[in-house]
Amino acid sequence: MFVIFFATFGAVFLAEIVGDKLLYTTGVLASRYRTAPIMFGMAAAFMAKMGVAVLVGEAISKLPRLLVAGITAASFIGVAITLWRKDDQYRQERDKHKAHRAAMVSFAAIFFSEWGDVGQITAATLAAKYHAALLVWFGAVAAMITKGSLAAFLGAGIRRWIHDRVSPKIVRYVAVSLLLVLGVLSVIEILLTERG
């Protein structure tokens, strides 16, 4: 039982950590929002995505590329627009009341992007191999939350450093630009990657 969990955790974590754009997306979100709501939204998105991976299996890898590319592009553009419209003035009391918004933005950025990625395919393959969907789901979600936590806490540290040194307007421009670049790179990767 523990072997399946740790095998899934290790396989999904390694598959996801190398060159994953969502890692950077989480870091960008953490540079603009408080960490706790991002963690909540991220965890919910990972649970849902890995649930689909485990239940649907390898069918995810067969989704039409244009559909996946369109959903991914819309996700990155939506998050970029949300960040663009965000007020540059930092007010701690505003953050307390807008935690749900940060959680929703985090959920959307993660849930609606990169379907059929290597982490989902790995989880689907392991679920088919071990016939232990719940254990594979737990292992995959734990791996994804670990990956996202690293990025969120790194982003939160960067947010504190930036808050003291850089204009909020510049941070917003850079965050929006990075999200748009990551979105374009994701779409290009989806359209050019051969599916096995």
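Before any of the text, the structure's been laid out above.
What you are looking at is a predicted structure, and each value in this text was computed from that prediction instead of being measured.

## A word on the overall build of the protein
The number of helices and strands found in the protein is nine helices and zero strands. Element order for the protein, N to C, with α for helix and β for strand: α-α-α-α-α-α-α-α-α. Counting all 196 residues of the protein, 48% fall into the buried class. Long-range pairs, those at least 24 residues apart, make up 92% of the contacts in the protein with a sequence separation of at least 6. When the accessible surface of the protein is split by element, carbon and sulfur atoms take 72% of a total near 10,100 Å².

## Structural notes on helix H7 (residues 118-130)
In an α-helix, one turn spans 3.6 residues, which is why side chains three or four residues apart end up on the same side. Between its first and last C-alpha atoms H7 spans 18 Å; for 13 residues at 1.5 Å apiece the expected length is 18 Å, and the two agree. If you check which residues of H7 are buried, you get Gly119, Gln120, Thr122, Ala123, Ala124, Leu126 and Ala127. A positive phi of about 55° marks His131, the residue just after H7.

## Re the nonpolar core
Core analysis: the biggest nonpolar cluster contains 41 residues, and Met50 and Leu83 have the highest contact counts within it. Elements supplying a minimum of two residues to this core: helix H1 (2-17), helix H2 (21-32), helix H3 (35-56), helix H4 (65-85), helix H6 (99-111), H7, helix H8 (133-165) and helix H9 (168-192). The dominant element in this core, judged by the number of residues it contributes, is H3, at eight residues.

## Observations regarding the side chain of Gln120
Inspection of the secondary structure assignment puts Gln120 in helix H7. For Gln120, a relative accessible area of 1% gives the class buried. Of note is the side chain of Gln120, whose polar atom sits 3.0 Å from the backbone oxygen of Lys49.

## Focus: the environment of Gly139
In this structure, Gly139 sits in helix H8. We classify Gly139 as buried; its relative accessible area is 0%. When the C-alpha positions of Gly139 and Gly10 are compared, they lie 8.2 Å apart, and in sequence the two are 129 residues distant. When residues no more than four places from it in sequence are discounted, the contact partners of Gly139 are Phe5, Thr8 and Phe9.

## A word on empty space enclosed by the protein
All chains considered together, the criterion is met by one cavity of 30 Å³ or more. Roughly 40 Å³ of volume is contained in the largest cavity. Lining the largest cavity, in full, are Leu22, Phe46, Lys49, Met50, Asp117, Gln120 and Met144. A class-by-class count of the residues in the lining of the largest cavity yields four nonpolar, one polar and two charged.

## With respect to a nonpolar patch on the surface
A surface patch of nonpolar side chains, about 510 Å² in accessible area, is lined by Leu66, Val184, Ile188, Leu191 and Leu192. With respect to the helices and strands, the residue Leu66 is situated in helix H4.

## What about the packing of aromatic side chains?
A full pass over the atoms with the stated rule returns four aromatic pairs. A connected cluster of aromatic rings, assembled from ring pairs, spans Phe107, Phe111 and Phe112.

## A short note on the packing of H4 against H9
Two elements in contact, H4 and H9, have axes whose closest approach is 9 Å; the angle formed by their N-to-C orientations is 180°. Here H4 is positioned roughly antiparallel relative to H9, judged by the angle of their axes. Of the residues in H9, those in contact with Arg65, Leu66, Val68, Ala69, Thr72, Ala73, Phe76, Ile77, Val79, Ala80, Leu83 and Trp84 of H4 are Arg172, Tyr173, Ala175, Val176, Leu179, Leu180, Leu182, Gly183, Ser186, Val187, Ile190 and Leu191. For the contact of H4 with H9, the class distribution of residues is 19 nonpolar, three polar and two charged.

Reading the values: rules and limits
Residues numbered from 1 in each chain as written. Predicted model: local features only at pLDDT ≥ 70, side-chain atom pairs only at ≥ 80, totals over all residues. Heavy atoms only, no water. Helix = DSSP H or I, 4+ residues; strand = E, 2+ residues; numbered from the N terminus. Buried < 20%, exposed > 50% of the residue type's maximum accessible area, 1.4 Å probe, protein only. Contact = heavy atoms within 4.5 Å. Areas by Shrake-Rupley, 256 points an atom, 1.4 Å probe, with all protein chains shown as cover. Expected span 1.5 Å × (residues − 1). Core = buried A, V, L, I, M, F, W, Y, C linked by side-chain atoms within 4.5 Å. Polar contact = N/O pair within 3.5 Å; in protein donor to acceptor, adjacent residues only side chain to side chain. 1 Å grid on protein atoms, 1.4 Å probe; cavity = no way out; pocket = protein on both sides within 12 Å on 5 of 7 lines; lining within 4 Å. Points joined across faces, edges and corners; volume = space filled by probe spheres on them. Nonpolar A, V, L, I, M, F, W, Y, C, P; charged D, E, K, R; others polar. Patch = residues over 30% accessible without salt bridge, like charges linked within 9 Å, V, L, I, M, F, W, Y side chains within 5 Å. Salt bridge = Lys/Arg side-chain N within 4 Å of Asp/Glu carboxyl O. Phe/Tyr/Trp six-rings, centres within 6.5 Å; stacked < 30°, edge-to-face > 60°. Axes fitted to C-alpha atoms, helices over the stretch in contact; angles between N-to-C directions. Parallel < 35°, antiparallel > 145°, perpendicular 65-115°, else oblique.

Honestly, that's just the spatial picture; any functional story needs more than this.
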